Amino acid sequence: MFSIPLAARILALFLLLSSSSLFGMPEPDVIHLKEGAKVEGRILRENEKEVVILTSTGEITFARERIRKIDRCPWAVDVFEKMWSQVDRKDEKALLELLDWCLDPARAPQLRAQARKVARRIVRLDRDNEKARKVLGQVKYKNRWVSKRVYRELKEKEKALAAEEAAQAEAERKARQEEKARLALIGGVPISKQVEENAKVDRAEEELLRSKLGLDYTVRSSRRISVKGVLDPEQAAIFLKLGERICGTLNKDLGLPVASSPFRNAKYHRLHLFFIRKDQIEKVLHYIDGTYTRYTPDFMKFSIRRGGGVASDGDGCVGFQIQGDGNDEDVFCHYLGHAYVESLGGNVGHWFTEGFALYCSIRFHGNAVHLCTTRSRYAQNVTEGDKKSAALVVAFRELQKMKRLPPVRALFRKHMNRLDEKDLAKCWGVVKLFMSAPYRAKFLKYLQALRYAGGKHEKALQTVYNLTPEQLDDLVYKL
Ligand SMILES: [Zn+2]
């Protein structure tokens, strides 16, 4: 068993013996005082203010300011070697005492290597001895003792990893938020789910039409469009693709999210278009009336008498077309145009909704053959021509050149069946103007203003475009 008192005794022995066969003859530490005297002995302790030296007559404390210089001797190393040879190296307590002795400020500067030697021995007995680890310059990192440098590196790595994880978490959070915002635009449900859901609804509707009405119809839906009737699935798919493209393109032009659906009034935010045979009109109209919308008796009577056409009343996004006259695609674009502009603008007026429908047909189909107006009487010439030279566009250009387009003010109150070919050309021209730069940027606002103003164009024109109807006429001439 080793102890501090023993160490002190060895030290005393060291000092008092004039010579030693064991340790050799150690040189003393010498304190040179400013006043000239010098004191020999062993420095025991020292700090900034004072130095304590053990002399043959005992401990003496000197203030630093009195000391000129100190000559130190490597005596402590010799004492250490003596103690090291005697200590039980399996005795942790004795080793710790020896370590403390080494760490005494009076000796520590000379015994750095020795202290480490003792510390290394201690940690072999007790791996988590903090004092010994401290002497070895080690710190604990996750149950491991490592050097301070390694510790710093590990910590830095940890920090970098944490930052990376935080960045990743933030990116994920942002992605989730964006996904949520994106979904909010399309009804909060992913597109694939909506399509899946629509397919289920389609099958149910096919079944219902068969069992209740005896109609063997194909029903196919995309997200925003539903077509049904005497169609084969391939034809249906073509319509759906076209319809989705039109919705996306118009949305983009108006600054709406491409994936959003304007059709808010029909089931599942979809537009429904029936392609039927003439003898099925009454059956189908009664089915639509009640399933998708409510028709007035007059409207029902009129539609049945007319024998077909599109029924877009600005509320129910549903209509029908007598299949087989070869104009299905034109009708599809036309009808989508009506539903789109009325979904956004409400009751925008006969002339304007027809103008938008014609615009859609000409833009997405290439020609506008279908008209909602009674074509035989007022607008027969408009339906001639082909995709390359849409008759309506030709008529518009001629009237434009001759300055014979009707003033827009004259269209405001005109009933659908009173629109003649000049009127229709003008309707198309006005919509074309609004859908071109720079007017396009404010077109959505215009539709909203129209809804707000109950379809009063003069007011909406003033509010949104700061134009009078007459100024609009001038702009259409320059189109
Ligand atoms: Zn129409």
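So, how was this worked out
Residues numbered from 1 in each chain as written. Predicted model: local features only at pLDDT ≥ 70, side-chain atom pairs only at ≥ 80, totals over all residues. Heavy atoms only, no water. Pairing = 2+ DSSP bridges. Helix = DSSP H or I, 4+ residues; strand = E, 2+ residues; numbered from the N terminus. Phe/Tyr/Trp six-rings, centres within 6.5 Å; stacked < 30°, edge-to-face > 60°. Buried < 20%, exposed > 50% of the residue type's maximum accessible area, 1.4 Å probe, protein only. Lys, Arg positive; Asp, Glu negative; His and termini not counted. Salt bridge = Lys/Arg side-chain N within 4 Å of Asp/Glu carboxyl O. Polar contact = N/O pair within 3.5 Å; in protein donor to acceptor, adjacent residues only side chain to side chain.

Caption draft 1: Broad picture of the pairing of strand E4 (residues 58-63). Bridging between strand E3 (residues 50-55) and E4 involves six bridges; their strand directions are antiparallel. Pairing of valine 52 across the sheet is with threonine 61, part of E4. A loop of two residues connects E3 with E4, the two strands running antiparallel in sequence.

Caption draft 2: The arrangement of the packing of aromatic side chains in detail. Enumeration according to the criterion identifies 22 aromatic pairs in this entry. With 5.9 Å between their ring centres and 40° between their planes, tryptophan 351 and phenylalanine 412 make a pair best called tilted. With tryptophan 351 in helix H12 (residues 350-365) and phenylalanine 412 in the loop between helix H14 (391-401) and helix H15 (421-434), this pair connects stretches of sequence that are 61 residues apart. Its relative accessible area of 22% is what places phenylalanine 412 among the partly exposed residues. Clustering of aromatic rings is evident, with ring pairs tying together Tyr340, Trp351, Phe352, Phe356, Tyr359, Phe412, Phe434, Tyr439, Phe443, Tyr446 and Tyr465.

Caption draft 3: Highlighting unusual backbone geometry. Look at the link from alanine 437 to proline 438: it is a cis peptide, with omega at 0°. In this structure, proline 438 sits in the loop between H15 and helix H16 (443-452). Positive phi values are uncommon outside glycine, yet lysine 142 reaches one of about 50°. With respect to the helices, strands and loops of the structure, lysine 142 is situated in the loop between strand E6 (138-141) and strand E7 (144-147). Positive phi, close to 55°, is recorded for lysine 403, a residue that is not glycine. In this fold, lysine 403 is placed in the loop between H14 and H15.

Caption draft 4: Focus on the environment of histidine 365. Take histidine 365: it is sitting in helix H12. With relative accessibility at 15%, the residue histidine 365 sits in the buried group.

Caption draft 5: Structural context of the side chain of glutamate 342. Positionally, glutamate 342 belongs in helix H11 (residues 328-345). Here glutamate 342 is buried and forms no salt bridge, its nearest opposite-charge partner arginine 451 lying at an N-O distance of 9.0 Å. Reaching out from glutamate 342, the side chain makes a polar contact with the side chain of threonine 353 at a distance of 2.5 Å.

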